[in-house]
Amino acid sequence: MSNFSVGFRSSGHIQILDLKGELDAHTASELEAAIQKCQANNQVHIIINGASLMYISSAGLGVFMAYIEDIRELGGDIKIAALQPKVYNVFDLLGFPMLFDIIDLEADAIGKFDPSNA
Amino acid sequence: MAVNTHTLTIPSSTSFLEEVREFVTSHATQAKFAEGVVEQMKMAVDEACTNVIEHSYEGNADQVIDITITTMPDKLVVVIRDKGLKFDRAAYQEPDLLQYAKSKKTGGFGVHIMRKLMDSVEYRNTGGFNECCMIKFKS
């Protein structure tokens, strides 16, 4: 039984992934499948909404690491928004703010993809 | 406050990591560690067990892992014990984030995280078992 799920939403050309639950070595493959689905559909403007993400381990962080370069090479990005403070602390611990665009509000992340609509 | 010891034995499968995290959270909270510190210990133990499952047992799910938590007035000691392959200290390197992203590597952060979150992380081999012993002090 997994207590992790990924919800899909879109805002124009931007694909938003709503992460819910706990992301660990057991559930990381579900996030990987979700990002692969975006790639297969040529959706490379991706926002990860972490408002309902309660936990992340290095296995979850590893998924972001595995795809960020590919997505950027295709002209896109993975922006991470609305993280709970305790989850943000884990990203921060590993220096992720240096590598990823981590933003408080989803609306601001959308604005960064679409400056004209911000 | 007395010394309390609790042991959880799980099969070597990632599907039991959630149970491990609940075990750590329950006993660390009972021992009156602050919420943020409980989070840190929970993650460190998750990482240690994930490493055992993926590296020591190489994904073989029919082995077992023992997790023993001892709470004392000033600290929590957790020992993760397995009978798989030894942790290769010589091969371990601190990960470099930018290099990792470029090489598209996904793992290797577990030990780094454990060392950042705990006050002490030690590996030893005794009686045919591998043991990872981690300590967190209260203040």
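Everything in this summary refers to the structure shown in the same document. (Residues numbered from 1 in each chain as written. Chains lettered and ligands numbered in written order. Predicted model: local features only at pLDDT ≥ 70, side-chain atom pairs only at ≥ 80, totals over all residues. Heavy atoms only, no water.)

**Overview of the overall build of chain B**
Turning to step 1, where the next piece is worked out: For chain B, the helix and strand inventory stands at four helices and five strands.
Turning to step 2, where the next piece is worked out: Order of helices (α) and strands (β) in chain B, N terminus to C terminus: β-α-α-β-β-α-α-β-β.
Turning to step 3, where the next piece is worked out: Per-residue burial over chain B gives 48% buried out of 139 residues.
Turning to step 4, where the next piece is worked out: Sequence-distant contacts, at least 24 apart, represent 62% of the contacts inside chain B between residues at least 6 apart.
Turning to step 5, where the next piece is worked out: As displayed, chain B has an accessible area near 6900 Å², and 50% of this comes from carbon and sulfur atoms. (Helix = DSSP H or I, 4+ residues; strand = E, 2+ residues; numbered from the N terminus. Buried < 20%, exposed > 50% of the residue type's maximum accessible area, 1.4 Å probe, protein only. Contact = heavy atoms within 4.5 Å. Areas by Shrake-Rupley, 256 points an atom, 1.4 Å probe, with all protein chains shown as cover.)

**Side note on the pattern of salt bridges**
Turning to step 1, where the next piece is worked out: This structure, assessed with the given rule, holds 13 salt bridges over all chains.
Turning to step 2, where the next piece is worked out: Two residues, B:Glu39 and A:Lys86, come together in a salt bridge whose shortest N-O distance is 3.6 Å. Of this pair, B:Glu39 sits in helix H2 (residues 35–56) while A:Lys86 is found in helix H3 (residues 85–93), placing the two residues in two different chains.
Turning to step 3, where the next piece is worked out: Connected through shared salt-bridge partners, A:Arg72, A:Asp77, A:Lys79, A:Asp101 and A:Lys112 make up one network. (Salt bridge = Lys/Arg side-chain N within 4 Å of Asp/Glu carboxyl O.)

**Thoughts on unusual backbone geometry**
Residue and element names in this part refer to chain A.
Turning to step 1, where the next piece is worked out: In this structure, asparagine 42 is a non-glycine residue whose phi angle is positive, near 55°.
Turning to step 2, where the next piece is worked out: Tracing the sequence through the fold places asparagine 42 in the loop between helix H1 (28–40) and strand S3 (45–56).
Turning to step 3, where the next piece is worked out: Taking the relative accessible area as the measure of exposure, asparagine 42 reaches 69% and is therefore exposed.

**Considerations on the sheet that holds strand S1 (residues 4–11) of chain A**
Within a sheet, adjacent strands bond to each other through the backbone by hydrogen bonds, running parallel or antiparallel.
All names here are of chain A.
Turning to step 1, where the next piece is worked out: With respect to topology, five strands assemble into an open sheet ordered S1-S2-S3-S4-S5, the strand pairing being mixed. Each edge of the sheet is formed by a strand with only one pairing partner; in this case those strands are S1 and strand S5 (101–103). Neighbour-to-neighbour, the strand axes of this sheet turn through a mean angle of 25°, independent of strand direction.
Turning to step 2, where the next piece is worked out: With eight bridges joining them, strand S2 (residues 14–23) and S3 adopt parallel strand pairing. Each residue of the ladder has a partner; that of aspartate 18, found in S3, is asparagine 49. (Pairing = 2+ DSSP bridges. Axes fitted to C-alpha atoms, helices over the stretch in contact; angles between N-to-C directions.)

**Here we look at the sheet that holds strand S4 (residues 120–126) of chain B**
Residues and elements named next belong to chain B.
Turning to step 1, where the next piece is worked out: What the five strands build is an open sheet, ordered S1-S2-S3-S5-S4; its pairing is antiparallel. The two strands at the open ends of the sheet, each matched to only one other strand, are strand S1 (4–11) and S4. Between one strand and the next, the sheet's axes are offset by a mean angle of 15°, whatever the strand orientation.
Turning to step 2, where the next piece is worked out: Bridge analysis of S1 against strand S2 (residues 64–71) gives eight bridges, and the strand direction is antiparallel. Within S2, the residue paired with leucine 8 across the bridge is isoleucine 67.
Turning to step 3, where the next piece is worked out: Lying on the sheet, helix H1 (residues 17–30) is in contact with S1, S2 and strand S3 (75–82); it crosses S1 at an angle near 175°.

The values are spatial; any link to function lies outside them.
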